[in-house]
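Listed here are the chains, written in short residue letters.
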Amino acid sequence: MPTQTQILVPALMDGGRVVVPQVWLGRNVDYRTANGHPFTAADYQKFNPPTLAELRRAYFDKNPDGSWISPEYRHSLPSQGVYGEWTSTFLRDGNEIVERPEKIYFDEVGGLWIAEGGKTSPIKLPNDGWTLEYDERTGFPSRTGSRKDAKKLFGDDASYFCSTKNDLRAVLRVFSLGDEGLFYVYAGYDPDDWDSAVGVRSARPATPTYYDHDDVMSQEERNILIRRNMTN
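Residues numbered from 1 in each chain as written. Predicted model: local features only at pLDDT ≥ 70, side-chain atom pairs only at ≥ 80, totals over all residues. Heavy atoms only, no water.

Student: Provide a residue-level description of the side chain of Arg57, including the pertinent values.
Tutor: You can see Arg57 is positioned in helix α1 (residues 52-60). Under the relative-accessibility criterion, Arg57 is labelled buried at 8%. Setting aside residues up to four positions removed in sequence, Arg57 forms contacts with Val9, Pro10, Ala11, Leu12 and Ile69. (Helix = DSSP H or I, 4+ residues; strand = E, 2+ residues; numbered from the N terminus. Buried < 20%, exposed > 50% of the residue type's maximum accessible area, 1.4 Å probe, protein only. Contact = heavy atoms within 4.5 Å.)

Student: Run through the pairing of strand β3 (residues 17-20), naming residues and quoting values.
Tutor: As defined by bridge partners, strand β2 (residues 12-14) adjoins β3 across three bridges and the pair is classed as antiparallel. By the bridge assignment for β3, Asp14 is matched with Arg17. Connecting the antiparallel pair β2 and β3 is a turn made up of two residues, with Gly15 showing a positive phi of about 65°. (Pairing = 2+ DSSP bridges.)

Student: Outline the packing of aromatic side chains, listing residues and values.
Tutor: Here the structure, examined in full by the defined rule, presents 19 aromatic pairs. Between Phe60 and Phe183, the ring centres sit 5.2 Å apart and the planes meet at 75°, which makes this aromatic pair edge-to-face. Highlighted residues: Phe60 in helix α1 and Phe183 in the loop between β15 (168-174) and β16 (184-189), separated in sequence by 123 residues. There is no split in this pair, since Phe60 and Phe183 are both buried. Through a chain of ring-to-ring contacts, three or more aromatic side chains come together here, namely Tyr59, Phe60, Tyr73, Tyr134, Phe154 and Phe183. (Phe/Tyr/Trp six-rings, centres within 6.5 Å; stacked < 30°, edge-to-face > 60°.)

Student: So what's going on with the pattern of salt bridges? Residues and values would help.
Tutor: Oppositely charged side chains are able to pair whenever their charged atoms sit close together. This model, assessed by the stated rule, comprises 13 salt bridges. The salt bridge partner of Asp30 is Arg32, with a shortest N-O separation of 2.6 Å. Owing to a relative accessible area of 27%, Asp30 belongs among the partly exposed residues under this scheme. Of the charged contacts in the structure, one is a salt bridge between Asp61 and Arg56, with a shortest N-O distance of 2.8 Å. (Salt bridge = Lys/Arg side-chain N within 4 Å of Asp/Glu carboxyl O.)

Student: Tell me about the side chain of Gln45, and please be specific about residues and values.
Tutor: Within the secondary structure, Gln45 sits in the loop between β6 (37-38) and α1. Excluding its chain neighbours within four sequence positions, the residues that come into contact with Gln45 are Thr87, Ser88, Phe90 and Ile104.

Student: Talk me through the nonpolar core; I want residue IDs and the actual numbers.
Tutor: Grouped together as the largest cluster of nonpolar side chains are 25 residues, with contacts concentrated most on Leu25, Tyr59, Tyr73, Leu91, Phe140, Val171 and Phe183. Elements supplying a minimum of two residues to this core: β1 (6-9), β4 (23-26), α1, α2 (71-79) and β16. For this core, the element with the most residues is α1, which contributes five residues. Leave out the neighbours within four places in its chain, and Tyr59 touches Trp68, Tyr73, Arg74, Leu77, Asp157, Leu182 and Phe183. Judged by nonpolar contacts, the second largest core, of 17 residues, contains Ala41, Ala170, Leu172 and Val174. (Core = buried A, V, L, I, M, F, W, Y, C linked by side-chain atoms within 4.5 Å.)

Student: Tell me about the sheet that holds strand β18 (residues 203-205), and please be specific about residues and values.
Tutor: Overall, antiparallel pairing links the three strands, which are arranged β1-β4-β18 in an open sheet. Looking at which strands have only one partner, the edges of the open sheet turn out to be β1 and β18. Averaged over neighbouring strand pairs, the angle between their axes works out to 25° when direction is ignored. Of the pairings in the sheet, the one linking β4 to β18 comprises three bridges and is antiparallel in character. Each residue of the ladder has a partner; that of Trp24, found in β18, is Arg204. (Axes fitted to C-alpha atoms, helices over the stretch in contact; angles between N-to-C directions.)

Student: Lay out α1 with the relevant residues and their values.
Tutor: Within α1, nine of the nine residues are buried, leaving the element largely enclosed by the surrounding structure. Among all positions in α1, only Leu52, Ala53, Glu54, Leu55, Arg56, Arg57, Ala58, Tyr59 and Phe60 are buried.

The structure is reproduced here in structure tokens:
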């Protein structure tokens, strides 16, 4: 059962289909070291970090009555100062994302980082800049512009976006010293890079998940899996 150290983020639905599954997020970001050296982005994957889409959902989305869906998550970000968190989302060659890969390793022959397994999907990213719009399915910015325009749309939640569009890049959300906002999305680190101010927040599905050929699950399929899980 979930504990008080977890935050429930309800599923994002599009009619009867799930865009972002319901998830439990850890309330705190964990910072790990091994032999005095901070864990890398790849090291942290064993803690099952949330996807960028799950974090975007938790931070920005509201209920029909205008209240925040995850106020506990929103409140946790400023309290962590300039710290950030790795996600289980990776950007490959600037045009594809990999969520929760099963294996990450460096190919010595090809000289490239490889992510195997997980959920992959194509993506078209905007130029680096202040986020004006987020894609709900991936959590990545879909439109960028000036800080002035971002402030008009998001107020104090206006945040910057920066990416490196080659090779496999780890994706993080960070509240940086450079004043890039509370939801600064950066996709530029190699999987074996580390940052002592960036840790991990654990995530676990609130219900069994299944993706069909459209990468979403119908409500009927979801209900069947929930009932099945309750009887096992």
